[in-house]
Structures are given as C-alpha cells and as structure tokens.
Amino acid sequence: MEYRGGTPFFFSNFPFDIKETDLWKIFRRWGRVSDVFISRRLNIKKQRFGFVRFQGVQDVRTLENQLNTIWIRSWKMKANRPKYNKAAETKKEWNAKLKEKATETVKEIKQVWRAKGSNSYANTVKYGNRNRAQSNDRASLNAIQFRAEESTREWLTMCYIGRVSDLSKVSSLNERFILGGFGHIKIKYLGGFHVLLKGENDTKIKETVEDNKEWFKELFDTIIPWEEQFVAVDKLVWVRCRGLPLKLWNSDCFKHIAALLGTLVEVDEATIALEELEYARFKIRVSVG
C-alpha cells in the first residue's frame, strides 16, 4: 500500500560517522528516496536511529526485507515500518521529527548571534552606538593565536597523506580498503584530491603500502608521511540544478555549469538514470585557497 506523501521506514544500527547524505546514496539503490532524517538522540540500546521515506513503493514488505540486508562496513542495518499505521499519524510524526530538527538548528543560530551581540537602528539613533568601542576592540583582534600541545599532534605523526588519482572514488575508499583486506587503515577525507590514512602506527601503514604497491597505485598518485604544513585548498560539494530541460542533461552541459564554480568531478547516479526528474545533481571541486 502506498501512503500519501511516501512510505516511511524506521532504521537503526549504523556507524556513528555516517551522515544523512551517505545514507541517501545507500537507500536510493532500493527505490526513490524523498527524505532521510537522523535523530540526534540515541535509542534504548545506545544506537543512532532515523527515518527514511520512499516514493512509489509497490511492495512494502519486500522493500523492508531489502533494507534489512544492508551492511555498512561491519554494521548490519535494522529497518522496519514505524509503529503507527494510519497515513495521517505517519505524516504527523514525520513532520514533527523534521520540525524538531529545524527548531534545534534555529536555536543554535540564535545562540551564535546573541553571543556576537547586536544593536538595532532605532536604539542606535536614540542612545548612540554603545557597542562602537567594543566593535573597535574586536576589529583590532585579527587572529587568535594559541599553541597546540604536542600530545594533540602526536597521532598525526603516525598518519600518511594520500593523493587520489580519481576524485569520484573518494566516497568508496573505506569500503575498498575493507574488501582489499586493509581494514586496519581508516580513510579520512581532507579536501581536494587528498585523504588521511590512519592506522595503528606509521610503520604498519608503510609496510602495507610497500607490500601492495600495485594495489595502492590504482587508487593513489602519491602517499607521503604527514606534514604539519599541509593545507587542503579544495573542497567537494554537491550542486543541484533545477529547471534544466531534459535534452540538456548530459556531461558536456554539466561541465559548462560546473565551470562557473569549479571543476566537474562526477554526476549523481540518480541523475544519469533519470530516477529523479525534479533536478539534476552533480559534484564539483571548488578551490578555497
């Protein structure tokens, strides 16, 4: 039975570093995803949980079984239909979750602005700019200097920096390492073409690279020890392009659009397969240096 507004599912038991955008890519393999929401709270088992909503579901039971076959690294996801049956209750509960998330975000923004301080135009005319002296003091503070303790940088000296040969492979590097038998090395994206290789110690990483040169050459141009002077000058961002005629949905057109902001890296699989006709979605590389 297809519910108005989509068919929601409850899911749990997934890694703590997984984000909503990561889960979106995983769930879209099983259907047309309209929303993914991860709660900030934990369930009674101290696990993260969330909700995903699919459009155009024909067989709810089959989709539920498929979602329960998902593995994220060593975590087997658990999914089921929410414990409320009426369509109105489903929609109300879902909107309440989204509203809760939006409210928390607004509160955080307000707290930041209150901390910065503000003065209205009317108060400035009536009482004068009482914050001018404070503003001048702030303007004179161009930077905050601090000295990091050696212990906070010690773990970085045991890491390596890898430059990937293909940016489109960055999102699947951790999975490739696990399948390749190198699960003891964790991958953290740094920006641009660079990732951080983190292991038990630098010797372990070095030995692994030396013993498997051909395998690593397929993924990386270079792998060097951590350098304190390293700075990531590029960022990867997803761009949504609305209102683009379908006849222009091709790589050449996306390259011209992406050129306004950076360099095209890859186009979303859902866009290529025309699964989502509301907008085109592609990833670009943007320099921030």
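Remember, predicted model here, so these are calculated numbers, not experimental data.

Caption draft 1: Representation of the overall build of the protein in the model. When its secondary structure is counted, the protein shows 11 helices and 13 strands. Scored against the burial criterion, the 289 residues of the protein give a buried share of 31%. Counted over contacts in the protein with a minimum sequence separation of 6, partners at least 24 positions apart contribute 67%. When the accessible surface of the protein is totalled, it reaches about 19400 Å², and 52% of it is carbon and sulfur.

Caption draft 2: Quick look at helix H2 (residues 60–67). Three or more residues of H2 are buried, namely Val60, Leu63 and Leu67. Angularly, the buried residues of H2 cover 65° about the axis, an arc narrow enough to put them on a single face. In the core, the buried residues of H2 are packed alongside strand E1 (7–12), helix H1 (20–27), strand E3 (48–55) and strand E6 (78–80). Of the residues flanking the start of H2, the one acting as N-cap is Asp59, its side-chain oxygen 3.3 Å from the backbone nitrogen of Arg61.

Caption draft 3: Quick peek at helix H10 (residues 251–258). Taken together, the buried positions of H10 are Cys253, Phe254 and Ala258. Considered in projection along H10, the buried side chains sweep an arc of 130° and stay on one side of the axis. Every exposed residue of H10 that faces more than 90 degrees away from the buried side is listed here: Asp252 and His256. For H10, the side-chain oxygen to backbone nitrogen distance between the N-cap and Asp252 is 3.3 Å, and the N-cap itself is Asn250.

Caption draft 4: Region of the structure containing the packing of aromatic side chains. Under the defined criterion, the tally for this structure stands at 16 aromatic pairs. Here Phe177 and Phe182 contribute two aromatic rings whose centre-to-centre distance is 6.4 Å and whose plane-to-plane angle is 70°, an arrangement assigned as edge-to-face. Neither Phe177 nor Phe182 differs from the other in exposure class; each is buried. One aromatic cluster is present, formed by Phe9, Phe11, Phe14, Phe27 and Phe54 through successive ring pairs. A cation sits over an aromatic face here: Arg81 above Phe9, 5.7 Å from the ring centre.

Caption draft 5: Structural context of unusual backbone geometry. One non-glycine residue, Lys46, adopts positive backbone phi at about 60°. Inspection of the secondary structure assignment puts Lys46 in the loop between strand E2 (32–42) and E3. Relative accessible area serves as the criterion here: at 63%, Lys46 is assigned to the exposed category. The residue Arg73 is not glycine, and still its phi comes out positive at about 55°. Here Arg73 falls in the partly exposed class, since its relative accessible area comes to 35%.

Caption draft 6: Main features of the nonpolar core. In terms of nonpolar packing, the biggest core is built from 20 residues, with Phe11, Leu23, Phe27 and Phe54 touching the most fellow members. If you list the elements that add at least two residues to this core, you get E1, H1, E2, E3 and H2. For Leu23, the residues in contact, after removing those within four places along its chain, are Phe11, Phe14, Ile18, Val36, Ile38, Ile72 and Met77. Within the second largest apolar cluster, 18 residues are counted, among which are Tyr160, Phe182, Ile187 and Leu197.

Caption draft 7: View of the pattern of salt bridges. For the structure on display, the rule yields four salt bridges. Taking the shortest distance from any N to any O, the salt bridge between Asp17 and Arg73 comes out at 2.6 Å. Here the residue Asp17 occupies a position in the loop between E1 and H1, and Arg73 occupies one in the loop between strand E4 (71–72) and strand E5 (75–76), the gap between them amounting to 56 residues. One salt bridge connects Asp35 with Arg53, and the closest N-O pair in it is separated by 2.6 Å. Pair noted here: Asp35 is in strand E2 and Arg53 is in strand E3, with a separation of 18 residues, a long-range link. Overall, the relative accessible area of 23% leaves Asp35 in the partly exposed class.

Caption draft 8: The pairing of strand E8 (residues 186–191), seen in detail. Bridge count between E8 and strand E9 (residues 194–198): five bridges; the pairing is antiparallel. By the bridge assignment, Ile187 is partnered in E9 with Leu197. Between E8 and E9, which pair antiparallel one after the other, the connecting turn spans two residues, and Gly192 there sits at a positive phi close to 60°.

Definitions and cut-offs
- Residues numbered from 1 in each chain as written.
- Predicted model: local features only at pLDDT ≥ 70, side-chain atom pairs only at ≥ 80, totals over all residues.
- Heavy atoms only, no water.
- Helix = DSSP H or I, 4+ residues; strand = E, 2+ residues; numbered from the N terminus.
- Buried < 20%, exposed > 50% of the residue type's maximum accessible area, 1.4 Å probe, protein only.
- Contact = heavy atoms within 4.5 Å.
- Areas by Shrake-Rupley, 256 points an atom, 1.4 Å probe, with all protein chains shown as cover.
- Arc of directions from axis to C-beta.
- Polar contact = N/O pair within 3.5 Å; in protein donor to acceptor, adjacent residues only side chain to side chain.
- Phe/Tyr/Trp six-rings, centres within 6.5 Å; stacked < 30°, edge-to-face > 60°.
- Lys NZ or Arg CZ within 6 Å of the ring centre and 35° of its normal.
- Core = buried A, V, L, I, M, F, W, Y, C linked by side-chain atoms within 4.5 Å.
- Salt bridge = Lys/Arg side-chain N within 4 Å of Asp/Glu carboxyl O.
- Pairing = 2+ DSSP bridges.

These values are about where atoms sit, not about what they do.
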